[in-house]
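Chain by chain, the residues run as shown.
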Amino acid sequence: MLLVLPVLSAQSLRFTRKDLAKLGGERVTGSALLGRTLVTWGDRLRWLNLSEGKGTASLARGPFAEGGAVLDVDGDGRPDIVLNDTVLNDIVLNDDAPGRALVWLEAPDWKRHAIDTAVDTTDVLAAQLFGRRGILVVHRRAQVRFYEIPHRAADRWPMTEIYSFYTPSDQGGLALADVDGDGRPDILCGNYWIRSPKSFDLPWRLFAIELWNEEPHSAMLRLAWIGPRELIAMQREMNGARLACFVKPADPRQLWTAHSITEHGTGESLALDHPRGFDVADFNGDGRLDFVVGESSGAGRLFVFHNDGSGRFTPQEIATGVAAERVHAVDWNGVGRPGVVTGKGTGIITIGKGVISLWQNGTRRQGIPP
Ligand SMILES: [Ca+2]
Ligand SMILES: [Ca+2]
Ligand SMILES: [Ca+2]
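Starting from 1, residues in each chain are numbered consecutively following that chain's sequence as written. Chains and ligands are labelled by the order in which they are written, letters from A for the one and numbers from 1 for the other. Reporting in this predicted model follows two pLDDT cut-offs: at least 70 for local features of residues, and 80 or more for side-chain atom pairs to be given and counted; totals over whole chains, interfaces and linings ignore these cut-offs and use all residues.

Under the scheme used here, helices are H or I runs from DSSP no shorter than 4 residues and strands are E runs no shorter than 2 residues, and both carry numbers assigned from the N terminus. Each helix and strand in the chain was counted, giving 0 helices and 32 strands. Going through the 370 residues of the chain one by one, you find that 44% of them count as buried. Across the chain, contacts joining residues at least 24 apart in sequence account for 44% of those joining residues at least 6 apart. Each residue is classified by how many other C-beta atoms fall within 10 Å of its C-beta atom, where C-beta atoms are placed from the backbone; a count of 20 or more means buried, 12 or fewer means exposed, and values in between mean partly exposed. Here the contact rule is simple: place C-beta atoms from the backbone, and any two residues whose C-beta atoms are within 7 Å are in contact.

This is the structure we're talking about:
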């Protein structure tokens, strides 16, 4: 895993940039990709048809915080959206419910329904636990909660506390993976994985993956389980952000082995400045998952990290001055399945400096994926 090759042989990709939409002074805090439709939120909710380059500003005004998720809440076949509203807006709330409201907006008119009040989250993930559909939320960067969709979708959602962290560091980033292989999805959040119990009403158990806790934001991460034993973790709210591949040990309750991606064996290191943008895809079609990173500060660089299959990830700088707050891998040829983008035609969407751009991968596929 730690073999350092003197010459990096990663295939270089070529991307061409096309600006799709200007945002003006509008602030975007979060986004999601639904096929060829990009959903953004911040000052307001906005939909952009990537194929036509046409945007629709919804009537739903925020401001909305970073955390959000797209899922069909009421099961009518149309994707709805869960957001963390920073003001109470037009929904009727109890007098004792100050602060932010977790709401879902019902397609197609985006009528708001309260999920819960006094919620503060930058991480929301659609999840199904024990057959129950709902969302995972990291409340106040310290508590993992599960909200279950109620029988009557307009009701408040029952909440289950999964785990509360009593650490000085904030914890951020959410992912689901069956870490211990018992068939039940476990939760990855910040420095930890949280083991699913045998039934919904039993307690979840916490195990540390790593101990990134030197600063308050050390464990505000982007996480991606690229499997079968590998987890990518990146600090998203720091300069000189760490980026590493963690390999699950035989006993996953022990600390995991870290392989730094930003520290090279040659002594060089790549100092990423607030890399908030992150997404996973197979950009060169070799069957191995690569990932894209966008710095929101500093030089505002956009990188693709190539997975060479032996635990090494080699960065390729695609551009500078992008300053992406958000990045998404997009399957431009429509051949991938949702969540994992594969092969030829894969592009990147960036949102930064008031512009939404598409970076089209013009590289011819080399080799034959398995
Ligand atoms: Ca729906
Ligand atoms: Ca499990
Ligand atoms: Ca690849």
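Looking now at the sheet that holds strand β20 (residues 230–235). Strand pairing in a sheet relies on backbone hydrogen bonds, with the paired strands running either antiparallel or parallel. By this definition, two strands are paired if DSSP reports at least two bridges between them. The 5 strands lie next to each other as β14-β19-β20-β22-β23, forming an open sheet whose pairing is mixed. On the outer flanks of this sheet lie β14 (171–172) and β23 (257–260), each paired with one strand and no other. Direction of pairing for β20 relative to strand β22 (residues 243–247): antiparallel, over a ladder of 5 bridges. Bridge pairing links Ile232 to Cys245 in β22.

Take the pairing of strand β8 (residues 101–106) next. By the criterion of burial, β8 is predominantly enclosed, with 5 of the 6 residues buried. With 5 bridges connecting them, strand β7 (residues 80–85) and β8 associate as antiparallel partners. Within β8, the residue paired with Asp85 across the bridge is Ala101. As judged from the 6 bridges shared by β8 and strand β9 (residues 111–117), these two strands associate in the antiparallel manner. From the neighbouring strand, Trp104 faces β9, where its bridge partner is His113. As consecutive antiparallel partners, β8 and β9 are separated by 4 residues, and within that stretch Trp110 has a phi angle of approximately 65°, a positive value.

Taken together, 4 strands build an open sheet; the order of strands is β6-β7-β8-β9 and the sheet is antiparallel. Strands with a single pairing partner mark the edges of an open sheet, and in this sheet they are β6 (64–71) and β9. Pairs of neighbouring strands in the sheet enclose a mean axial angle of 25°, with direction left out of account. Two strands pair when backbone bridges link them, and β6 and β7 are joined in this way by 5 bridges, in the antiparallel orientation. Counted as the bridge partner of Leu71 is Asp80 from β7. Axis angles are defined between N-to-C directions and span 0 to 180 degrees, where every axis is a line fitted to C-alpha atoms and, for a helix, only to the segment in contact.

Turning next to the nonpolar core. Definition of nonpolar core: a set of buried Ala, Val, Leu, Ile, Met, Phe, Trp, Tyr and Cys residues joined via C-beta atoms within 7 Å. Counting 96 residues, the largest nonpolar core has Val82, Ile135 and Leu136 as its most contacted members. Of the residues forming this core, the biggest block, 6 residues, is contributed by strand β19 (residues 219–225). When near neighbours in sequence (up to four residues on either side) are disregarded, Leu136 contacts Leu125, Ala127, Val144, Phe146, Leu174 and Ile187.

You can read pLDDT as the predictor saying how much it trusts each residue, on a scale of 0 to 100. Averaged over every residue, the pLDDT of the chain is 87; residues scoring 70 or more account for 85%. Contacts of residues 1–10 to residues separated by more than four positions or lying in other chains number 10 contacts, the stretch itself having pLDDT below 50. Contacts of residues 365–370 to residues separated by more than four positions or lying in other chains number 11 contacts, the stretch itself having pLDDT below 50.

Turning to the environment of Ala324, a few remarks are in order. Residue position: Ala324 is located in strand β29 (residues 324–331). On the basis of neighbour counts, which here come to 26 C-beta atoms within 10 Å, the residue Ala324 falls in the buried class. Placed 28 residues apart in sequence, Ala324 and Ser296 show a C-alpha to C-alpha distance of 4.9 Å. Setting aside anything within four residues of it in sequence, one finds Ala324 in contact with Gly277, Gly294, Ser296, Leu302, Thr350, Ile351 and Gly352.

Turning our attention to the environment of Phe283. Relative to the assigned elements, Phe283 resides in the loop between β25 (277–282) and β26 (290–294). Residues Phe283 and Asn361, 78 residues apart in the sequence, show an inter-C-alpha distance of 8.0 Å. When sequence neighbours within four positions are dropped, the list of residues in contact with Phe283 reads Leu13, Asp290, Val304, Thr346 and Asn361.

Before going further, it helps to spend a moment on the pairing of β25. Along any regular strand, the residues point their side chains to alternate faces of the sheet. Of all the 6 residues making up β25, 5 are buried; the element is thus mostly covered by neighbouring parts of the structure. Strand direction decides the pairing type here: β25 and β26, joined by 5 bridges, are antiparallel. Within β26, the residue paired with Ala281 across the bridge is Asp290.

Further remarks concern unusual backbone geometry. Here the amide bond leading from Gly62 into Pro63 is cis, since omega sits at 5°, within 30 degrees of zero. Structurally, Pro63 can be placed in the loop between β5 (54–61) and β6. In this structure, Pro228 follows Gly227 across a cis peptide bond, with omega equal to -5°. Topologically, Pro228 is positioned in the loop between β19 and β20. Positive phi is not limited to glycine here, since Trp110 has a value of about 65°. Counting through the fold element by element, Trp110 comes out in the loop between β8 and β9. Trp110 gets classed as partly exposed once you count the C-beta atoms within 10 Å, which come to 15. The phi dihedral of Arg140 falls on the positive side, at around 50°, and the residue is not glycine. Locating Arg140 in the fold gives a position in the loop between β11 (132–139) and β12 (143–148).

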